Amino acid sequence: QVQLVESGGGLVQAGGSLRLSCAASGRTVSMYGMGWFRQAPGKEREFVGAIGWSGRSTNYADPVKGRFTISKDNAKNTVYLQMNNLKAEDTAVYYCAGARSTYYIGSSPNEYNYWGQGTQVTVSS
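The model shown is predicted, which means the values in this text are computed figures rather than measured ones.

## Some thoughts on the environment of Ala92
Next, step 1: Counting through the fold element by element, Ala92 comes out in strand β9 (residues 92–99).
Next, step 2: Ala92 sits 28 residues away from Gln120 along the chain, and the two C-alpha atoms are 6.0 Å apart.
Next, step 3: Once residues lying within four places of it in the same chain are set aside, the contact partners of Ala92 are Arg38, Gln39, Ala40, Thr119, Gln120 and Val121.

## Here's the deal with the environment of Cys22
Next, step 1: Locating Cys22 in the fold gives a position in strand β3 (residues 18–25).
Next, step 2: Leaving out residues up to four positions away in the same chain, Cys22 has contacts with Leu4, Val5, Glu6, Met34, Trp36, Asn77, Thr78, Val79 and Cys96.

## Re the side chain of Lys72
Next, step 1: With respect to the helices and strands, the residue Lys72 is situated in strand β7 (residues 68–73).
Next, step 2: It is Asp73 that comes nearest to the buried, bridge-free Lys72 among opposite-charge side chains, at 10 Å.
Next, step 3: Leaving out residues up to four positions away in the same chain, Lys72 has contacts with Val29, Ser30, Tyr32, Ile51, Gly52, Trp53, Gly55, Thr78, Val79 and Tyr80.

The rules we used
As a convention, each chain's residues are numbered from 1 in the sequence order in which they are written. Owing to the predicted nature of the model, reporting of local features is limited to residues with pLDDT of at least 70; listing and counting of side-chain atom pairs is limited to 80 or more, with chain, interface and lining totals taken over all residues. Here the side-chain values reflect all heavy atoms present in the structure, with hydrogen atoms and water set aside. By definition, any uninterrupted DSSP run of H or I lasting at least four residues is a helix, any uninterrupted run of E lasting at least two residues is a strand, and each is numbered from the N terminus. Two residues qualify as a contact provided that any one of their heavy atoms is within 4.5 Å of a heavy atom in the partner residue. A 1.4 Å probe rolled over the protein chains alone gives each residue an accessible area, and that area as a share of the maximum for its type sets the label: buried under 20%, exposed over 50%, partly exposed in between. In this charge count, Lys and Arg are treated as positive and Asp and Glu as negative; neither His nor the chain ends contribute. The salt bridge definition used is simple: a Lys or Arg side-chain nitrogen within 4 Å of an Asp or Glu carboxyl oxygen.

Written as structure tokens, this is what we have:
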């Protein structure tokens, strides 16, 4: 049974930083693409970024490029989302997701078949 558990969310002031973690069990993160999505109140879930199985390929949504970085620690079977220079519009519940395939790092939620429970990030302005 695959489980993805996010942690690291919280309240931060605009301009601050947070690092989210996604600990995986039942699946080896080194073998699949892993993504991050977020959903703000009243809005649809949106793609934040993804990292490929090897860790060498990444893909980011335009609103977070240059501010967010995804990495993985295969030994810990954990994926990270480092968020810098946070803005009020980054406020959302952040979800970790496991892709169906090894190579997928795209933005379609339909291509991810495992999801964490989410962690709240609130940025005060």
